[in-house]
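What follows is each chain in one-letter form.
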Amino acid sequence: MSARMKRKVGAGNVAVVEPSETHYYQPLWTLVGGGAKQLAASARPMGSVIPKGVEWIKSQVIALDPDKNCVWLENDIKIKGLPEGFNHPKIGSNYSAQTVEKTWRALHNFKEGNAIFTFPNTPVKCAGAPQKIMYLSDAYLRKTGKRSKANIMFNTSLGVIFGVKKYADALLEVIKDRDLAVNYKRNLIEVRADKQEAVFENLDKPGVTEVYQYEMLHVTPPMGPPAVLINSPVSDESGWVDVDKETLQHKKYPNVFGIGDCTNLPTSKTAAAVAAQSGVLDKTISRVMKNELPVKKYDGYTSCPLVTGYNKVILAEFDYDAQPLETFPIDQSKERSTMYHMKADMMPLLYWNALLKGYWGGPAPVRKIMHLGLK
């Protein structure tokens, strides 16, 4: 958005508050955790991706005061035994630069026993990622002749494997074909890394816990809004930025806008969603700056390339209504090698060279051409 605003109001009128020195293309971490890509391939210096001339304020926001148009400068993992448990072997997480390579080491060094993959009882970034690494691990263990010694299980706090039925049905077929176990309504509450034990609560039976021994454990940590948004005037009661789901303009403060993971938009928190939102938000801000009402509407488009192997992807694309909104005129619920290469090779290029520079607003124009103008 800073690249888009630079073109609109000039670099001297745009600033980015960001404490991190490194910018990561996080969707690649699924493949890093599976040993198919190196962590370094997902990283670039933060200064190289902030548009030239835009001020980079190396700090973090501690409070927001929209009534005075002020931003004041200056979450821990809620699982007992973490993050210190990551100092032990056989445990990793693709959700952090500090732990994603530990996932690969745990997989590479797997000998025999349970390989457990978790999904927490909170919103998460890319809801497909917790199971993508399971499919990659299955593929790797088959390739190395260890699969017969592995009991692979997905312990999820959810009651379904995926929120869109078309893709859920396809994933359940993959799970059946590859002899993977799924335990629904199981939420990780403790890791005893010294004993290689994971403790789950049964969400259908409050107070009932189950202890699993693991040879490999991939943790998807509980997530939530940044601390600065909790009890903020710009947030809803859950701590997410309270924006109109079509225009991305704040419901109360007309000069406040939201995009991406921090918002309460009822769609999956993915890079694909951010891309589509950025195009809409660009148009929204343009009209608001001219004292005009926004007209461009975001339809909730999001995408999750469900990696099911080292050369297979089910490309899930859908809208606010959890209805498929597919770019290509083919059945995207089928596993395809072409979609894998798009995920592994094309999307990073699109991210670095188009999305971050404010030139990619999602695949809607491509979809329109592919479907001859039909939705």
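Scroll up for the structure.
Given the structure is predicted, the values throughout are model-derived calculations rather than measurements.

Caption draft 1: The arrangement of the overall build of the protein chain in detail. Along the backbone of the protein chain there are 9 helices and 16 strands. Of the roughly 18,100 Å² of accessible surface on the protein chain, 53% is carried by carbon and sulfur atoms. Side-chain charges in the protein chain split into 48 positive and 38 negative, and the spacing between the mean points of these groups amounts to 6 Å.

Caption draft 2: Highlighting unusual backbone geometry. With an omega of 10°, the peptide bond between Leu82 and Pro83 qualifies as cis. Mapped onto the fold, Pro83 is located in the loop between strand 6 (70–73) and strand 7 (91–92). A positive phi angle, close to 70°, is found at Leu248, a residue other than glycine. Positionally, Leu248 belongs in the loop between strand 14 (216–218) and helix 7 (271–289). Residue classification places Leu248 among the buried positions, given a relative accessible area of 0%.

Caption draft 3: Highlighting the nonpolar core. Phe117, Ile152, Ile161, Phe162, Tyr167, Tyr298 and Leu306 are the most contacted members of the largest nonpolar core, which totals 77 residues. For this core, the two domains that each supply at least three residues are domain 1 (1–79 + 225–371) and domain 2 (91–219). For Phe162, the contacting residues outside a window of four places in its chain are Gln131, Tyr167, Ala168, Leu171, Cys304, Leu306, Ala316 and Phe318. Within the second largest apolar cluster, 15 residues are counted, among which are Ala193, Ala198, Phe200 and Leu217.

What counts, and at which threshold
- Residues numbered from 1 in each chain as written.
- Predicted model: local features only at pLDDT ≥ 70, side-chain atom pairs only at ≥ 80, totals over all residues.
- Heavy atoms only, no water.
- Helix = DSSP H or I, 4+ residues; strand = E, 2+ residues; numbered from the N terminus.
- Areas by Shrake-Rupley, 256 points an atom, 1.4 Å probe, with all protein chains shown as cover.
- Lys, Arg positive; Asp, Glu negative; His and termini not counted.
- Charge placed at Lys NZ, Arg CZ, Asp CG, Glu CD.
- Buried < 20%, exposed > 50% of the residue type's maximum accessible area, 1.4 Å probe, protein only.
- Core = buried A, V, L, I, M, F, W, Y, C linked by side-chain atoms within 4.5 Å.
- Domains from an automatic or database assignment.
- Contact = heavy atoms within 4.5 Å.

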